[in-house]
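Here are the chains, one letter per residue:
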Amino acid sequence: MTAAAALISGRPGATKPKPHNRDPRRGDRPVAPMAAERPVRPANPHDRTGATRIIRGVPSQWSASMRLKELEGIAREIHAVLEAKNAARDAALMRCRELTRLCALCIRAVHREEYAEGQRLLREAQQAAFVLQTDLAPFPDLLYAGYTQDALKEWVEASVVYAIVTGQPLPGPRELNVPEAAYLNGLAEAATELRRRILDLIRTDRFEEAERLLQAMDEIYEVLITMDYPDALTGNLRRATDVVRGTLERTRGELTLSLREHLLQMALQRIDLRFSE
């Protein structure tokens, strides 16, 4: 008689079939049911936390709505800051163009020897630079942006050119209220601008004044080559210094050649006067 038949008949000594959830390697101990076979724990009727609970980090409907309201407030604050910064940027671009224009007119007046007009334009440029820096003080990223620093560099160039040509004391970065990098680059631009003035003096045989300006160019170059710092700190000053060196050497050669020609002409004139007597 088989085990199944003995079990049905109820006779003693009949063997029962082994359940399928017993592991022969572990003896008669039952194996834990799989996760899919585990019964689901019924909800606790005495649970007072509410029907919507946070499960595995998922926020409930109430907490999600609160976070969205907070995000809307944060977004409004960011919009207000960016709107103010955008308005300041638009105004700064306009003032940078105005400052650059005033500085260019001031340098042109100096080359034309219209020093009174140059001084008036320089005062207007000073006021424009002050307003530009004051308006951008709450926004340092705009104050130190490229277009702002370029405009301040033009302001330094006009101030230095006017001071050197008219023989006035040279203003520093504190007097002009500009960063050191903008001042050094403006100083380099002023040195190259002096070449134009020297060439105008050569055409009118004013060699003493031309030599004075050439000496000023040489002194500026000697200062610039000592600023051996990374370009991130000096605003790519090395390139400007190389330009000054090339401009200085060309100007020195042209001034020397013109001076020798002038001395030769003076000697020939004296010889002509001697023979004419």
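A brief report on the enclosed structure follows. A quick note: this is a predicted structure, and the numbers were derived from the prediction, not measured. (Residues numbered from 1 in each chain as written. Predicted model: local features only at pLDDT ≥ 70, side-chain atom pairs only at ≥ 80, totals over all residues. Heavy atoms only, no water.)

A few points about the nonpolar core
To keep things clear, this is the line we draw: Only buried residues count toward a nonpolar core, which is a set of Ala, Val, Leu, Ile, Met, Phe, Trp, Tyr and Cys residues joined through side-chain atoms within 4.5 Å. Here's how the labels work: a residue is buried when its accessible area is under 20% of the maximum for its type, exposed when over 50%, partly exposed in between, all with a 1.4 Å probe on protein chains only. Secondary structure elements are defined from DSSP: runs of H or I of at least 4 residues count as helices, runs of E of at least 2 residues count as strands, and each element is numbered from the N terminus. The criterion used for residue contact is that any of the two residues' heavy atoms lie within 4.5 Å.
Formed by 56 residues in total, the largest nonpolar core has its most connected members in L99, L136, W155, I164, V178, I198 and L224. Listed by contribution, the elements that provide at least two residues to this core are α2 (61-111), α3 (115-135), α4 (140-143), α5 (146-166), α7 (180-203), α8 (207-224) and α10 (237-276). If one sorts the elements of this core by residue count, α7 sits on top with 11 residues. Excluding its chain neighbours within four sequence positions, the residues that come into contact with W155 are L99, C103, L122, A125, Q126, A129, L176 and V178.

A look at the side chain of E193
Considering the arrangement of structural elements, one finds E193 in helix α7. Taking relative accessible area as the criterion, E193 reaches 18% and is therefore assigned buried. Sequence-distant contacts of E193, that is, excluding residues within four places in its chain, are made with I107, H111, E157 and V161.

Description of α3
Put simply, the rule is: Every helix has an expected span of 1.5 Å times one less than the residues it contains. Picture the helix axis, draw a direction to every C-beta atom, and the arc is the one those directions span.
Over its 21 residues, α3 runs 30 Å from end to end, which matches the ideal 30 Å to within 8%, given 1.5 Å per residue. Listing the buried residues of α3 in full gives G118, L121, L122, A125, A128, A129, L132 and Q133. End-on view of α3: buried residues confined to an arc of 125°, all on one side of the axis.

Digging into the pattern of salt bridges
Here is the rule: The term salt bridge refers to a side-chain nitrogen of Lys or Arg lying within 4 Å of a carboxyl oxygen of Asp or Glu.
Tallied over the entire structure, the rule returns 16 salt bridges. The salt bridge partner of E193 is R196, with a shortest N-O separation of 4.0 Å. Taken together, the residues span about one helical turn, with E193 and R196 both in helix α7 at a distance of three residues. For R196, a relative accessible area of 44% puts it in the partly exposed group. Among the salt bridges present, the one from E254 reaches R195, with a minimum N-O distance of 3.1 Å. In this pair, E254 is assigned in helix α10 and R195 in helix α7, connecting sequence segments 59 residues apart. With relative accessibility at 31%, the residue E254 sits in the partly exposed group. Assessed through its relative accessible area of 16%, R195 is described here as buried. When salt bridges that share partners are traced, they join E113, R197 and R206 into one network.

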